[in-house]
Amino acid sequence: RYEDEDILGQPWFCICGNDSDVDDMRQMEKTIYGSEEAGSCIICYTMEGDEFWNHIHIMPGAPHMLFTCVSSYDVSNIVE
């Protein structure tokens, strides 16, 4: 389990790894700099190295808001 201080202020992809889908990660990264929100389920990793399915939803700040919002939910029980 990540503690707040482990991930707050870090890039959203800091919990991704070798088995994370690179194309999905690129699409989510594009979303940050765009104006449309998007979500995707991506394999991510706990601090201990265990993989889990993570639903990442990004609401970009541009052009009307000051901040980009990234939410993350463990959806392993739904995907598997």
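Above this text you will find the structure in question.
All of the points below concern the structure found in this document. The structure displayed is predicted, hence computed values, not measured ones.

1. Some details on a negative patch on the surface
Then, number 1: There is a patch of like negative charges on the surface, built from Asp 19, Glu 48, Asp 50 and Glu 51.
Then, number 2: Relative to the helices and strands, Glu 48 resides in the loop between strand 1 (38–45) and strand 2 (51–59).

2. Section: the nonpolar core
Then, number 1: By size, the foremost hydrophobic cluster in this structure holds 12 residues: Trp 12, Ile 15, Cys 16, Met 25, Met 28, Ile 32, Ala 38, Ile 42, Cys 44, Phe 52, Ile 56 and Ile 58.
Then, number 2: For this core, the secondary-structure elements that each account for two or more residues are helix 2 (22–32), strand 1 and strand 2.
Then, number 3: Apart from residues no more than four positions distant in its own chain, Phe 52 is found in contact with Ile 15, Ile 42, Ile 43, Cys 44, Tyr 45, Thr 46, Asp 74 and Ser 76.

3. Comments concerning the layout of surface pockets
Then, number 1: By volume, the largest pocket is sized at about 660 Å³.
Then, number 2: Around the largest pocket, the lining comprises 24 residues; the ones closest to its centre are Ile 7, Trp 12, Ile 15, Val 70 and Ser 72.
Then, number 3: Looking at the lining of the largest pocket, the elements with two or more residues in it are helix 1 (4–7), helix 2, strand 2 and strand 3 (69–74).
Then, number 4: Sorting elements by how many residues they give to the lining of the largest pocket places strand 3 first, with 5 residues.

4. With respect to the sheet that holds strand 3
Then, number 1: Across the sheet, 3 strands lie side by side as 1-2-3; this open sheet has antiparallel pairing. Pairing within the sheet leaves two strands with one partner each, and these edge strands are strand 1 and strand 3. In this sheet, neighbouring strand axes are inclined to one another by 30 degrees on average, regardless of whether the strands run parallel or antiparallel.
Then, number 2: Strand direction decides the pairing type here: strand 2 and strand 3, joined by 6 bridges, are antiparallel. Along strand 3, the bridge assignment pairs Ile 58 with Val 70.
Then, number 3: Those strands touched by helix 2 are strand 1 and strand 2, and its axis lies near 130 degrees from that of strand 1.

5. Observations regarding the pattern of salt bridges
Then, number 1: Considering all chains together, one arrives at 1 salt bridge under this definition.
Then, number 2: Arg 26 serves as the salt-bridge partner of Asp 23, at 3.4 Å between the closest nitrogen and oxygen. Pair noted here: Asp 23 and Arg 26 are both in helix 2, with a separation of 3 residues, about one helical turn. Of the two residues, Asp 23 and Arg 26, neither departs from the other in class, the shared state being exposed.

6. As for helix 2
Then, number 1: Those residues of helix 2 not exposed but buried are Met 25, Met 28, Thr 31 and Ile 32. Around the axis of helix 2, the buried residues are gathered within 115 degrees of arc, so they sit on the same side. Away from its buried face by more than 90 degrees, helix 2 exposes Asp 23, Arg 26 and Lys 30.
Then, number 2: Looking at the buried residues of helix 2, the elements they touch are strand 1 and strand 2.

Rules used throughout
- Residues numbered from 1 in each chain as written.
- Predicted model: local features only at pLDDT ≥ 70, side-chain atom pairs only at ≥ 80, totals over all residues.
- Heavy atoms only, no water.
- Patch = residues over 30% accessible without salt bridge, like charges linked within 9 Å, V, L, I, M, F, W, Y side chains within 5 Å.
- Areas by Shrake-Rupley, 256 points an atom, 1.4 Å probe, with all protein chains shown as cover.
- Salt bridge = Lys/Arg side-chain N within 4 Å of Asp/Glu carboxyl O.
- Lys, Arg positive; Asp, Glu negative; His and termini not counted.
- Charge placed at Lys NZ, Arg CZ, Asp CG, Glu CD.
- Helix = DSSP H or I, 4+ residues; strand = E, 2+ residues; numbered from the N terminus.
- Core = buried A, V, L, I, M, F, W, Y, C linked by side-chain atoms within 4.5 Å.
- Buried < 20%, exposed > 50% of the residue type's maximum accessible area, 1.4 Å probe, protein only.
- Contact = heavy atoms within 4.5 Å.
- 1 Å grid on protein atoms, 1.4 Å probe; cavity = no way out; pocket = protein on both sides within 12 Å on 5 of 7 lines; lining within 4 Å.
- Points joined across faces, edges and corners; volume = space filled by probe spheres on them.
- Pairing = 2+ DSSP bridges.
- Axes fitted to C-alpha atoms, helices over the stretch in contact; angles between N-to-C directions.
- Arc of directions from axis to C-beta.

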